[in-house]
Amino acid sequence: MAKRRNILLVTAVLIAATLALSYVRIFNWPFGASVTLVSMIPLLIIGYKYGVKWGLFSGLMTGVIKLGLDIAFVHPFAGSYDASHIAGATAQAAVVIILDYVIAYFVLGFSGLFRDRINSDRFAMILGSGFAVILRHVAHFVSRFLLYGKNAKVYLLEIKNSFAGSFLEGSKLADFMSSFSDTIINSTTGNYRGELYAFAYTTAYMLPEFVLTLVVLLVMMLIPPVEDHIVNE
């Protein structure tokens, strides 16, 4: 019973940490995407520390709570989605709820997938966490494509034009994104253009999140007392 209470307590604290960190943005792209302060790490720790099943459940609960908080304070359904190929606002909201909240947090529980398959906890943690974050990237990619892919040209132009007047104006990064947007617009059509747009948009924030998350996790796992707390119940 005491062990069960301890698991619930630690899980609650880590879920709260994930939710808090999800609102701490360390970088904002001019076109709207942002990078958080390693907000996935607490959930990744749950999945490795207590196993995949408990990690998936914790991720699901986190996604539901995050949705409630965002509806109350951030309004994730404000504005209009360019999703005429999806019937109605209800279906559009369902895409956001299922992919950007439920699945996006649920899959982080897979961080513990390799714990019993690889002898090195450090390698197993990094590999499992990397796999989980990639799954989250896929969820956001599919959501972005479904909601915005049909008129990707409009949104690619928004990306290109968003750098004007921003802190990145005139930088090599802005030049690259503008050139990349032009290339997609001029050389692709249809769903392929939509897929490339969705991949570019989601990668713009998920790649930095991926790298930062794994680097911080590796540093944590290289500190024996911290590794012990992550690995052992």
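Scroll up to find the structure.
Residues numbered from 1 in each chain as written. Predicted model: local features only at pLDDT ≥ 70, side-chain atom pairs only at ≥ 80, totals over all residues. Heavy atoms only, no water.

> Would you mind going over the overall build of the protein chain in detail, with residue names and values included?
Summing up its helical and strand segments, the protein chain has 9 helices and 2 strands in all. Secondary structure of the protein chain in N-to-C order comes out as α-β-β-α-α-α-α-α-α-α-α. When its C-alpha atoms are laid out on the principal axes, the protein chain stretches across 60 × 40 × 30 Å. Relative to its 233 residues, the protein chain shows a buried fraction of 46%. Expressed as a percentage of contacts within the protein chain between residues at least 6 apart in sequence, the contacts between residues at least 24 apart total 75%. In the form shown here, the protein chain has an accessible surface area of approximately 11,700 Å², with 67% of it arising from carbon and sulfur atoms. Of the charged side chains in the protein chain, 17 are positive and 14 negative; the average position of the first set lies 5 Å away from that of the second. (Helix = DSSP H or I, 4+ residues; strand = E, 2+ residues; numbered from the N terminus. Buried < 20%, exposed > 50% of the residue type's maximum accessible area, 1.4 Å probe, protein only. Contact = heavy atoms within 4.5 Å. Areas by Shrake-Rupley, 256 points an atom, 1.4 Å probe, with all protein chains shown as cover. Lys, Arg positive; Asp, Glu negative; His and termini not counted. Charge placed at Lys NZ, Arg CZ, Asp CG, Glu CD.)

> Quick rundown of the packing of helix 1 (residues 2-21) against helix 2 (residues 41-50)? Include the residues and the values.
Contact geometry for helix 1 and helix 2: axes closest at 8 Å, N-to-C directions at 155°. Put simply, helix 1 runs roughly antiparallel to helix 2. In contact with Asn6, Ile7, Val10, Thr11, Leu14, Ile15, Ala17, Thr18 and Leu21 of helix 1, helix 2 contributes Pro42, Leu43, Ile45, Ile46, Lys49 and Tyr50. Residues of the contact of helix 1 with helix 2, tallied by class, amount to 11 nonpolar, 3 polar and 1 charged. (Axes fitted to C-alpha atoms, helices over the stretch in contact; angles between N-to-C directions. Parallel < 35°, antiparallel > 145°, perpendicular 65-115°, else oblique. Nonpolar A, V, L, I, M, F, W, Y, C, P; charged D, E, K, R; others polar.)

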